[in-house]
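Structural overview
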Amino acid sequence: MTVRTLPEWLSYLETLHTKVIDLGLARVGRVRAAMKLTPACPVIMIGGTNGKGSVSAMLSTMLMRAGYRVGTYTSPHILRYNERVAIDMQPVDDARLVEAFAAVEAGRAEVPLSYFEFGTLAAVQCFMQAEVDVMVLEVGLGGRLDAVNVFEPDVSVVVSVDLDHQDYLGDDRETIGFEKAGIFRAGKPAICADAHPPQKLLDHAAAIGAPLFLIGRDFGFTRMEQQWSFSMGERHWHALPFPALRGSYQLANASAALAVLAQLRTQLPVDLGAIKRGLLEVDWPGRFQVLPGRPQVVLDVGHNPHAVRALVANLRQLPFAENRYAVFSMLADKDLAAVAALAAGEFDGWFVGGLHMPRGQRAEEIAAILKTAGAKNLRLFDTVSDAWKSALSVAAENDRIVVFGSFHTVAEVMSARQSLP
């Protein structure tokens, strides 16, 4: 077998399958069986339109602080592929990933796998080799036909349901909710943190016999001035610190994470001290991340209307900024018109950069839709990096720069910041 470095493996994976996204469990299931990838430890599966990464990070940090060895699989990454596969919240090294990729390659024989399918199997291979105590697996797209769903969860979570990836999942919340509910299992706890769960999600849980726990009905939180409390049946945790992750929606995300711990308390007992430490220490870059220093900089990977609506609400809770600037770009298959309608009036100036990649679009195409929505003072750049540098040169100490629209947008700015002297 050819010996490859991690970059060589990643390039190779892009050539294996004609489709970047090819939903279905038959192919990946065959390879999983051939590799005998059946985790012996508890598996927590996290799906949803938005918030699943934050829930995964909070859960993993709390479990780690309770003394468990935790494998966490998330996607996409921001700067390095290794971010997707973490053990105790630290990205695994290249050598471990290369070994796992080689194991998947040997196990797949001639079965074609997509980039994500290959990576999902490799992640679980890494975790099994490391003998983790628990796996937290984030669904990539949808749920029912996503590669992660080839594994058997002990508890499943749908964090939120809204419009995204309509080409694959459907054009309305009901249809998308059914796809998300595909990660539920008969007789296994199913948790939904969406305050208005689609009826099809509820119906699917009932049809398969999955005990469903809903936020606001079966579990929830009470917010106080400097702390909050969680309750689920007879389980109550009081005097909890606010999560280190910023944003008003994070209490619902934290409640989903605590609902998981409440359901797994026999298999994975976690004490209150570990919960508090986990909430205080959790780190998840690019999710309403407010950077230290002046001008104030906010990084947010939000790329659909649901996420941008939350971003706008959270920005309005920040202290006054004299000038509010957006560094923005978005992929062509996202609902740019809806995002523009939500965000057009929130900024005094827009620095729009192009994304040079599959599904990317030029700054001129993005700006035309922003202008139609009423956005003012648009400046166009060939790249997001150029847009960022220009915004930074213009912004004064009491201004705010918000970088959003895509994982790729935030990644370019993070890379540009690292290269600054």
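In short, a report on the structure. Small disclaimer: the values here were computed from a predicted structure and weren't measured.

This brings us to the overall build of the chain. Each helix and strand in the chain was counted, giving 15 helices and 17 strands. Each principal axis of the C-alpha atoms in the chain carries an extent, and together these give about 55 × 55 × 40 Å. Relative to its 421 residues, the chain shows a buried fraction of 57%. Residue pairs at least 24 apart in sequence account for 72% of intrachain contacts in the chain once pairs closer than 6 positions are excluded. The average position of the 40 basic charges and that of the 45 acidic charges among the side chains of the chain differ by 2 Å.

A word on the state of the cysteines. Following the criterion strictly, the structure yields zero disulfides and no others. Cys 126 carries a free sulfur, and the closest cysteine sulfur to it, the one in Cys 41, is 13 Å from it.

A few words now on the pattern of salt bridges. When the charged atoms of two side chains with opposite charge come close together, those side chains can pair. All chains considered together, the criterion is met by 15 salt bridges. A salt bridge links Arg 65 to Glu 281; the shortest N-O distance between them is 2.5 Å. Of this pair, Arg 65 sits in helix H3 (residues 52–65) while Glu 281 is found in helix H10 (residues 272–281), placing the two residues 216 residues apart along the sequence. Overall, the relative accessible area of 34% leaves Arg 65 in the partly exposed class. Notably, a salt bridge pairs Arg 362 with Glu 364, separated by 3.1 Å at the nearest N-O pair. On the basis of relative accessibility, which here comes to 47%, the residue Arg 362 falls in the partly exposed class. Taking relative accessible area as the criterion, Glu 364 reaches 44% and is therefore assigned partly exposed. Overlapping salt bridges, with partners in common, bring together Arg 65, Arg 277 and Glu 281 in one network.

Moving on to the packing of aromatic side chains. One pass over the full model with this rule turns up 17 aromatic pairs. The interplanar angle of 25° and the centroid separation of 5.6 Å between the aromatic rings of Phe 230 and Trp 237 together place this pair among those described as stacked. Judged by its relative accessible area of 1%, Phe 230 falls in the buried class. Aromatic ring contacts, followed pair by pair, group Trp 9, Tyr 12, Tyr 81, Phe 101, Tyr 115 and Phe 118 into a single cluster. Note that Arg 4 overlies the ring of Trp 9, its terminal NZ or CZ placed 4.8 Å from the centroid. Above the face of the Tyr 12 ring, Arg 4 is positioned so that its terminal group lies 3.9 Å from the ring centre.

With that settled, consider the sheet that holds strand S12 (residues 289–291). Pairing is mixed across the open sheet formed by six strands, whose spatial order is S12-S13-S17-S14-S15-S16. On the outer flanks of this sheet lie S12 and strand S16 (378–381), each paired with one strand and no other. Averaged over all adjacent pairs, the angle separating strand axes in this sheet is 20°, with direction ignored. Looking at chain direction, strand S14 (residues 324–328) and strand S17 (residues 400–404) are connected through five bridges and run parallel.

Here the focus is the environment of Asn 314. Relative to the helices and strands, Asn 314 is located in helix H11 (residues 305–315). Taking relative accessible area as the criterion, Asn 314 reaches 3% and is therefore assigned buried. Along the chain, Asn 314 and Gly 247 lie 67 residues apart, while their C-alpha atoms are 5.7 Å from each other. In this structure, Asn 314 is in contact with Gly 247, Ser 248, Tyr 249 and Phe 288, ignoring residues within four places of it in sequence.

About the cut-offs
Numbering of residues starts from 1 in each chain and follows the order in which that chain's sequence is written. In keeping with the predicted nature of the model, local features appear solely for residues at pLDDT of at least 70, side-chain atom pairs appear and are counted solely at 80 or more, and the whole-chain, interface and lining totals rest on all residues. Note that water and hydrogens are dropped before the side-chain values are worked out from all heavy atoms of the structure. Strands here mean DSSP runs of E at least two residues long; helices mean DSSP runs of H or I at least four residues long; both are numbered from the N terminus. Categorising residues by exposure relies on relative accessible area from a 1.4 Å probe, with only protein chains included: less than 20% of the type maximum marks a residue as buried, more than 50% marks it as exposed, and the intermediate range marks it as partly exposed. Contacts between residues were defined by any pair of non-hydrogen atoms, one from each residue, lying within 4.5 Å. Positive residues here are Lys and Arg, negative ones are Asp and Glu, while His and the chain termini are left out of the count. For charged residues, the charge sits on one atom: NZ in Lys, CZ in Arg, CG in Asp, CD in Glu. In this description, the term disulfide denotes a pair of cysteine sulfurs within 2.5 Å. By definition, a salt bridge exists where a carboxyl oxygen of Asp or Glu is found within 4 Å of a side-chain nitrogen of Lys or Arg. The aromatic pairing rule takes the rings of Phe, Tyr and Trp, using the six-membered ring of Trp, and pairs them if the centres are within 6.5 Å, calling planes under 30 degrees apart stacked, those over 60 edge-to-face and the rest tilted. Sitting over a ring, as applied to charges here, requires NZ of Lys or CZ of Arg to be within 6 Å of the ring centre and within 35 degrees of the ring normal. Should DSSP find at least two bridges between two strands, the strands are taken to pair. Axis definition: a line fitted to C-alpha atoms, over the contacting stretch in the case of helices. Angles run 0 to 180 degrees between N-to-C directions.

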